[in-house]
Amino acid sequence: MLSILVAHSYFLRFDDKQRRRAKPYPPLATLQAAALLRDAKHRVTLFDAMLAESVDDYGAALDAARPELVVCYEDNYNFLSKMCLGKMRRACCDMIARAKRAGARVIAAGSDASDAPGEYLRAGADAVLIGEGLAALVALVSRLDADTALPAERLVEGILGVAANVTGAPARPVVPLPAPELPRRLAWDLVDVERYRAVWRDAHGYFSLNLAASRGCSFRCNWCAKPIWGHRYLQRPAVETAEEMLHLKRQYAPDHVWFADDIFGFRPDWVTAFAGALDAGGGGVPFTIQLRADLVSARMAAALRAAGCREVWIGAESGSQKILDAMNKGTRVAEIVAARRLLGAEGIRVGFFLQLGYPGEDFADILATRELVENARPDDVGVSVAYPLPGTQFYELVKTQLGAKKRWQDSGDLEMMFSGTYCSEFYRVVRDLLHEQVTPGDGRRVLWHRWNDLAEREELFRSEPAAPVRLPLRIV
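Student: Help me out: how do you make sense of the pairing of strand E11 (residues 287–291) in this one?
Tutor: Across the five residues that make up E11, a large majority, five, are buried. Residues Phe287, Ile289 and Leu291 point to one face of E11 and Thr288 and Gln290 to the other, with burial holding for every one of them. Where strand E10 (residues 256–259) and E11 come together, two bridges link them in parallel fashion. Paired with Trp258 across the two strands is Thr288, which belongs to E11. Crossover handedness for the path E10 to helix H12 (residues 268–280) to E11: right-handed.

Structure follows, in C-alpha cells:
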C-alpha cells in the first residue's frame, strides 16, 4: 500500500479571466483517479490547485503528506486544461520538481503532457501517461507498490501508452491492458466543498457543482484537440448518472449542476431515462449542459426540460456556412437557429459559443455571424478567436505561421497566434459587439452604428499577408 498525493495544476489564481468569473469547479478527472487509487487500497490525499493561492500551497501539502508517489493528473473535463495554458504548464513542472526533491516518484497525465511529454519528463516525472491512461496508471502504481525504487526501464516495461526517459533499452513486447472500470462515485470527500460554496455564494448568490455523464466526442471538428479520449464517446448509464446527482444533492445541496460533457445525453431516450431515474429518487438539481445543434429535436428539448435542464450551450462557432464547412463542423446554420427555437419553446436558456478568425473568414462571414445572433437571439454568447491546438488539422494548417508564441498565458489572452485576416484588436472589437448584441438595453441604434463604423474601417485592421493556406477537405 502506497502513500499517494494526487494533484492537478489548474490554479484559478493564475487565470485572470476565470478568476473574475468566479465559477470554480472541482477537478472531476483528478477525483476519478483518486477514487480509483483509493479503491486499490492505497492511502490517498488530494492537492486541489483550483482555489490554492500558489504552488507554495502545494509545497505545504507535500510536506504534510510526505507521499511516496505524486500523481499529477489534470482534469480532462476542464476545457481549459486542453488549451495547455502556459502558466499552468510551468506550475505543473514546478510541482513535479518539488516532488522529486522531496524524494517522491512522479507520474504526470493530462492534455499538455500527452502532447509534449518531454517537458514533463525533463521536469523530473518518472513517467507520463498518454491519453486518459488509467489502465497504465494502475499498472505503474502496482509495480511501485512492490518496489518504490524500481528503475524507469523496469517501471514502464511492456506498458502501453506511457512515455519515460529510457535510453538503450531493448524492445520488448507490449501487452494492451484492459481499461479499469471507473469508480461509480468520485472521491468527493477529499474536496473542500465548503470553500467552493463560499466562492460561488459570495460572487453569484448560489452554489454550483459539476458532474460528467460521458467522456469524449465522436465528431471530427478539425480545430478540436482530442489527446485524451480520441474520437470515442463513452457514455455512463443514465441511472448511474442520476444516482450521482442525487448523492450530490443529499450530501452537498448544490443549487445548480454543470455537466462538463462535450456532448450531454446524445439521444432523447437516454435523457428520458435520466429524467425518470431522477424523478424516482425525489427529483434532481437544475443543470446546464453543452450540446450540438444537430442533436436538438423536439423530443430532445422536451426530455431535457423534464430532466431539469435550465440552460444549453451550443457550439454554433459561426453564422457562415462556408466557415462551418471549413471547420468540418457538420452542422448547418439553419440547425443552429432551429435548436435555439426548440429549446426556447421549452423554457430553456440558450448560449452560443462563437469562434472568430478561422482561416478563410472574411468580413462577410463575420457579418453572417452577426446575423445569426440577431435572428436566433440566444440568451448569451461566449466568443473566442481560433486557437490552434497541437494534434489538430487546424494546427497543421497554420503551424508554419506560428511564431514564438504557441499558447495563451491565460484564457483571456485572445491573441491571434497565426496570421488571420485581421489583427487581434479587430477580433476583440467584434467580440465586444457580439456580447452587446445579446445584452438587454436601449442602445440598439448605437450598436448598429458601431457595426457600420467597423465595416467602413475594416481594411485598416487587416493583417500583413501571409503564405496562403489551403483549407482542408471536409471529412464525411
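So, next bit.
Student: Looking at this model, I keep getting lost on unusual backbone geometry. Mind explaining?
Tutor: Negative phi values dominate among residues other than glycine, just as trans dominates among peptide bonds. In the Ramachandran plot, Ala253 falls in the positive-phi region, its phi being about 50° despite a non-glycine side chain. By the secondary structure assignment, Ala253 is in the loop between helix H11 (238–252) and E10. Look at Ala253 and you get partly exposed, because its relative accessible area is 43%. Phi is positive for Phe266, close to 70°, though the residue is something other than glycine.

Student: It is not clear to me how the packing of aromatic side chains should be interpreted in this structure. Could you clarify?
Tutor: When we look at a pair of aromatic rings, we describe it by the centre distance and by the angle of the planes. Throughout the structure, instances matching the rule amount to 25 aromatic pairs. Ring geometry for Tyr233 against Phe266: centres 5.0 Å apart, planes inclined by 45°, an arrangement best described as tilted. With Tyr233 in strand E9 (residues 233–235) and Phe266 in the loop between E10 and H12, the pair connects residues that are 33 residues apart, well separated along the chain. Ring centres of Tyr422 and Tyr427 lie 6.0 Å apart, and the angle between their planes is 80°; on these two criteria the pair is classed as edge-to-face. When its relative accessible area of 0% is taken as the criterion, Tyr422 is described as buried.

Student: Looking at this model, I keep getting lost on helix H2 (residues 28–39). Mind explaining?
Tutor: Along an α-helix, residues three or four apart share an orientation, since each turn contains 3.6 residues. The end-to-end C-alpha distance of H2, which contains 12 residues, comes to 16 Å, matching closely the 16 Å that a straight helix rising 1.5 Å per residue would cover. Counting buried residues along H2, 10 of its 12 residues qualify, which places the element largely inside the surrounding structure. The set of residues buried in H2 consists of Leu28, Ala29, Thr30, Leu31, Gln32, Ala33, Ala34, Ala35, Leu36 and Leu37. Taken together, the buried residues of H2 touch strand E1 (3–7), strand E2 (43–47), strand E3 (69–73), helix H8 (134–146) and strand E7 (208–211). Within two residues after H2, Lys41 carries a phi angle of roughly 75°, on the positive side.

Student: What exactly am I supposed to notice about the nonpolar core here?
Tutor: Proteins that are soluble and globular tend to have nonpolar side chains buried together. By size, the foremost hydrophobic cluster in this structure holds 168 residues, and its most contacted members are Tyr58, Phe259, Phe264, Phe274, Phe287, Leu304 and Phe352. Looking at this core element by element, the count peaks at eight residues for H2.

Student: What is the right way to look at the environment of Met245 in this model?
Tutor: Inspection of the secondary structure assignment puts Met245 in helix H11. Using a relative accessible area of 0% as the deciding quantity, one classes Met245 as buried. Sequence separation between Met245 and Asp413 is 168 residues, and the spatial gap between their C-alpha atoms is 34 Å. Once you skip the residues sitting within four places of it in the chain, Met245 turns out to touch Leu211, Val257, Phe259, Phe274, Leu278, Gly284, Val285 and Phe287.

Student: Before we go on, may I ask you to explain the sheet that holds E11 in this structure?
Tutor: Backbone hydrogen bonds are what pair the strands of a sheet, in a parallel or an antiparallel way. Taken together, the six strands give an open sheet; going across it, the order is E7-E10-E11-E12-E13-E14, and neighbouring strands pair in parallel fashion. Both outer strands of the open sheet, E7 and strand E14 (380–385), are each paired with one neighbouring strand and no more. Recorded for the sheet is a direction-independent mean angle of 20° between the axes of neighbouring strands. Relative to E14, strand E13 (residues 349–356) runs parallel, the two sharing six bridges. What sits directly across from Leu356, in E14, is Val385.

What counts as what
Residues numbered from 1 in each chain as written. Predicted model: local features only at pLDDT ≥ 70, side-chain atom pairs only at ≥ 80, totals over all residues. Heavy atoms only, no water. Buried < 20%, exposed > 50% of the residue type's maximum accessible area, 1.4 Å probe, protein only. Helix = DSSP H or I, 4+ residues; strand = E, 2+ residues; numbered from the N terminus. Pairing = 2+ DSSP bridges. Right-handed = clockwise from strand over helix to strand, strands pointing away. Phe/Tyr/Trp six-rings, centres within 6.5 Å; stacked < 30°, edge-to-face > 60°. Expected span 1.5 Å × (residues − 1). Contact = heavy atoms within 4.5 Å. Core = buried A, V, L, I, M, F, W, Y, C linked by side-chain atoms within 4.5 Å. Axes fitted to C-alpha atoms, helices over the stretch in contact; angles between N-to-C directions.

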